[in-house]
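Given next are the chains, with one letter for each unit.
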Amino acid sequence: MSQELTYEQALEKLDEKLKLLEDGDLSLEDALKAVDEARVYLKICTERLEAAKRKIEVRPEE
Amino acid sequence: MIRPEEAPRPFTVTELANEIRRELRPLTAVLLKGEVTGMKRGAAGHFNFTIQDGLSKLEAVLFADAARRVTTLPEDGQVFVFRGRIDFFGKTGRLSFIVDQVEFDDVGKLRARLEELKRRLEAEGAFAPSRKRKLPYIPKAVALLTSPTGAVIHDLQQTIWDRFPNMSVVVYPVQVQGAAAPASISRALRRCNEESLADVVVIARGGGSFEEMFAFNNEVIARAILASRLPVVTALGHTSDRTVADMVADAECRTPTEAGARVVPKKADLLIQLTERGRRLERERDRRLAREVERLQARRERLLQVLPSLMRTRMERLVRARADLARLSPVQQVARRAEALRERGRRLDAAAAARLARSLSTLTSRRAEERLERALTARFGAATRALDHRRQRLIALSPESVLSRGYSITQDGATGAVLRSASDTAAGRKLRIRLAAGRVGASVDEVEP
């Protein structure tokens, strides 16, 4: 699964998986797979939130 | 003015030049209206041009630091109201108007030009919502293009960090007012895109009058915003007029606070949303598993129900199969056939023997009957005759015929021996006497030998 996803993309994927699960048409294997994938997306989202390091940089005019 | 007769000696040129400068000093903060011609940019960042009114002309200079401050740079053929002072340069012997502010002479005309620019940009589709770049959901960093001094930068940082405490901010100090602002902002925008330290740009200033904001109506800034790869958000303060920069920007905000809220989501909200999704995920998983357990349980119960009969039929089939197998096994088949053959052989033998015996006996009995019949037929008369003869002889010879003549036969009662002599018996013995008709039992009284 791509670690290059942005927060928004990962969130979208997470919602897709959630919707799939809630629709309840998945086989057990697919459902468990969807849960695993959704967890990865959830993790990516959480990581993205924490990834930024608060800093301020001033770029004076050249 | 110094009158020549009062001078004890002649002025040197420098002295007179200095005198002229001193005399001209009261002519400061002069407002001068005129048309610009011969606009030239000097190497030191200053501008030289001529201000004229058709009858007279004055040389003018706009020094570099004033050029950065002025609302707009003079353009050839345009009429402006200049504020400045008169100075005399001894070195060149020229009198110049030193400009420190340039005002539009005719705001109405300026607005007309602005409308023309807007129409042009509109026709290009520069304002079309479809052209606008999407702001990142969560930027990796926010670039701030603003004056490094002032409250704007503080307000923006505060808003951003209140919402997203670990968000990075990259500040590009720019001039947000005056003639130098368009070039300054355009340069900074280009750098933002080149350096890619941030993925969204906020151009901010603290509002101002039409003239103060005029830099943001400059086509140079509009083009720079349009050319930006990164989405640009304007936050130019509370003004009644939308600037061209606002119109081409990807998002338009009034205050720095609004812009901060626009470019950065509230982290706490996102965390709540994520937690909620996490809970939904667990719930869905649990629900799915519970359903599966239920389904399994139902199947197990059904299985338990059908298992006994299933086993029974299976067992029966197994037994049948074993019997079939035994029956169908070649050894068994051969053995069985051999036995069947033997059995048939035995039955054949028995049948044959029986049949033979029957034939034989039939044959034998038939022959005997024939002979007997023949013998009987042949011999019947003779036999009858012989029989008669013998019967006669028997009658004649039978003791019983003697008995009829009055004789009797005495026998010992115990032994049955015929007594022929008195000595054959003794007194007291029992006798049996056979008569022609019947018998008599008697006892011996005496014997006379």
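Everything quoted here is computed from the prediction, not taken from an experiment. (Residues numbered from 1 in each chain as written. Chains lettered and ligands numbered in written order. Predicted model: local features only at pLDDT ≥ 70, side-chain atom pairs only at ≥ 80, totals over all residues.)

Engineer: Explanation requested: the overall build of chain A in the structure shown.
Structural biologist: Of the regular secondary structure elements, chain A holds two helices and one strand. The burial tally for chain A puts 27% of its 62 residues in the buried class. (Helix = DSSP H or I, 4+ residues; strand = E, 2+ residues; numbered from the N terminus. Buried ≥ 20, exposed ≤ 12 C-beta atoms within 10 Å, placed from the backbone.)

Engineer: Quick question: what am I supposed to make of the overall build of chain B here?
Structural biologist: Looking only at helices and strands, chain B has eleven helices and 13 strands in total. Going through the 449 residues of chain B one by one, you find that 22% of them count as buried. Looking at chain B alone, contacts between residues at least 24 apart form 61% of all its contacts between residues at least 6 apart. (Contact = placed C-beta atoms within 7 Å.)

Engineer: Whenever I open this one, the environment of L226(B) confuses me. Can you help?
Structural biologist: All names here are of chain B. Along the chain, L226 falls in helix α6 (residues 219–227). We classify L226 as partly exposed; it has 15 C-beta atoms within 10 Å. Spatially, the C-alpha atom of L226 lies 9.0 Å from that of K132, the residues being 94 residues apart in sequence. Residues within four places of L226 in sequence aside, it is in contact with A126 and V248.

Engineer: Help me understand the interface of chain A and chain B in this model?
Structural biologist: Contact with chain A, which involves 27 residues of that partner, is made by 29 residues of chain B. For the side of chain A that touches chain B, the secondary structure elements donating two or more residues are α1 (7–23), α2 (28–51) and β1 (56–58) of chain A. Tallying contributions element by element places α2(A) first for the side of chain A that touches chain B, with ten residues.

Engineer: Any chance you could explain the sheet that holds strand β4 (residues 79–89) of chain B here in plain terms?
Structural biologist: Hydrogen bonds along the backbone pair up the strands of a sheet, which may run parallel or antiparallel. Residue and element names in this part refer to chain B. Pairing is mixed in the closed barrel, where five strands are placed in the order β1-β2-β3-β5-β4. The sheet shows a mean angle of 50 degrees between the axes of neighbouring strands, taken without regard to direction. The sheet contact formed by strand β1 (residues 30–41) and β4 spans six bridges and is antiparallel. By the bridge assignment for β4, E35 is matched with V79. (Pairing = 2+ DSSP bridges. Axes fitted to C-alpha atoms, helices over the stretch in contact; angles between N-to-C directions.)

Engineer: Looking at this model, I keep getting lost on unusual backbone geometry. Mind explaining?
Structural biologist: Working note: non-glycine residues mostly have negative phi, and peptide bonds are mostly trans. All names here are of chain B. A positive phi is found at A29, a non-glycine position, where the angle reads about 50 degrees. Following the sequence through the fold, A29 ends up in the loop between α1 (13–24) and β1. The phi angle at S196 is positive, at roughly 50 degrees, despite the residue not being glycine. Position of S196 relative to the elements: it lies in the loop between α5 (181–195) and β8 (200–204). A tally of 13 C-beta atoms within 10 Å means that S196 is categorised as partly exposed.

Engineer: What is the right way to look at the pairing of β4(B) in this model?
Structural biologist: As judged from the ten bridges shared by β4(B) and strand β5 (residues 94–104) of chain B, these two strands associate in the antiparallel manner. By the bridge assignment, F89(B) is partnered in β5(B) with R94(B).

Engineer: Help me understand the nonpolar core in this model?
Structural biologist: Nonpolar side chains tend toward joint burial in soluble globular proteins. Core analysis: the biggest nonpolar cluster contains 49 residues, and V142(B), L144(B), L145(B), V201(B), V202(B) and V233(B) have the highest contact counts within it. Not counting chain neighbours up to four residues away, the residues in contact with V142(B) comprise I160(B), M167(B), V169(B), A198(B), V200(B), V202(B), V263(B) and V264(B). Of all hydrophobic cores here, the second largest spans 18 residues; its members include L11(A), V35(A), Y41(A) and I138(B). (Core = buried A, V, L, I, M, F, W, Y, C linked by C-beta atoms within 7 Å.)

Engineer: What's the story with α2(A) in this structure? I'm lost.
Structural biologist: For an α-helix, the turn length of 3.6 residues means that residues three or four places apart are oriented alike. When the terminal C-alpha atoms of α2(A) are compared, their 34 Å separation across 24 residues agrees well with the 34 Å that a helix rising 1.5 Å per residue should span. Tucked inside the fold, the buried residues of α2(A) contact α1 of chain A together with α9 (267–328) of chain B. (Expected span 1.5 Å × (residues − 1).)

Engineer: What should I look at first to understand α6(B) in this one?
Structural biologist: All names here are of chain B. Considered for burial, the residues of α6 that qualify are I221, A222, A224 and I225. Along the axis of α6, the buried residues cluster in a sector spanning 165 degrees; they form a single face. Check the buried side of α6 and you find it contacts α3 (107–124), α5, β9 (232–235) and α7 (244–248). (Arc of directions from axis to C-beta.)

Engineer: What's the story with the pairing of β8(B) in this structure? I'm lost.
Structural biologist: Regular strands place their side chains on alternate faces of the sheet. All names here are of chain B. Of all five residues in β8, five are buried, a share of seventy percent or more. The side-chain alternation of β8 yields two buried faces, one formed by V200, V202 and A204 and the other by V201 and I203. Bridge count for β8 against β9 is four bridges, and the pairing is parallel. Residue V202 lies in a different strand from β9, and its bridge partner there is V233. Considered for its hand, the β-α-β crossover made up of β8, α6 and β9 is right-handed. (Right-handed = clockwise from strand over helix to strand, strands pointing away.)

Engineer: Looking at this structure, how should I read the sheet that holds strand β12 (residues 430–434) of chain B?
Structural biologist: Residue and element names in this part refer to chain B. Spatial ordering of the open sheet is given by β11-β12-β13, a layout of three strands whose pairing is antiparallel. The two strands at the open ends of the sheet, each matched to only one other strand, are β11 (409–412) and β13 (439–443). Each adjacent strand pair in this sheet contributes to an overall mean axis angle of 30 degrees, direction not counted. With four bridges connecting them, β11 and β12 associate as antiparallel partners.

Engineer: I keep staring at the packing of α5(B) against α6(B) and nothing clicks. Help me out?
Structural biologist: Working note: a packed helix pair is described by the angle between its axes plus the distance between those axes. All names here are of chain B. The geometry of α5 relative to α6 is characterised by a closest axis approach of 8 Å and an angle of 10 degrees between their N-to-C directions. Comparing the axis directions of α5 and α6 gives the class roughly parallel. Contacts between α5 and α6 involve P182, A183, I185, S186, L189 and R190 on the former and, on the latter, V220, I221, A224 and I225. Tallied by class, the residues present in the contact of α5 with α6 amount to eight nonpolar, one polar and one charged. (Parallel < 35°, antiparallel > 145°, perpendicular 65-115°, else oblique. Nonpolar A, V, L, I, M, F, W, Y, C, P; charged D, E, K, R; others polar.)

Engineer: Would you explain the confidence of the model for chain B in this entry?
Structural biologist: Reading predicted coordinates in detail is not appropriate for stretches of low pLDDT. Summing up the model confidence of chain B, the mean pLDDT is 85 and the portion of residues at 70 or higher is 91%. Of the two predicted TM-score estimates for the complex, the pTM is 0.56 and the ipTM is 0.77. (pLDDT = per-residue confidence, 0-100.)

Engineer: Please clarify how the packing of α1(A) against α9(B) should be interpreted in this entry.
Structural biologist: In the contact formed by α1(A) and α9(B), the axes pass within 10 Å of each other and the chain directions differ by 30 degrees. Regarding the angle of α1(A) to α9(B), the classification is roughly parallel. Of the two possible hands of crossing, α1(A) and α9(B) adopt the one that is left-handed. Residues L14(A), L18(A), L21(A) and E22(A) of α1(A) form the contact with α9(B), whose own contacting residues are R277(B), R280(B), L281(B), E284(B) and R288(B). Residues belonging to the contact of α1(A) with α9(B) are distributed by class as follows: four nonpolar, no polar and five charged. (Left-handed = near helix turned anticlockwise from the far one by under 90°.)

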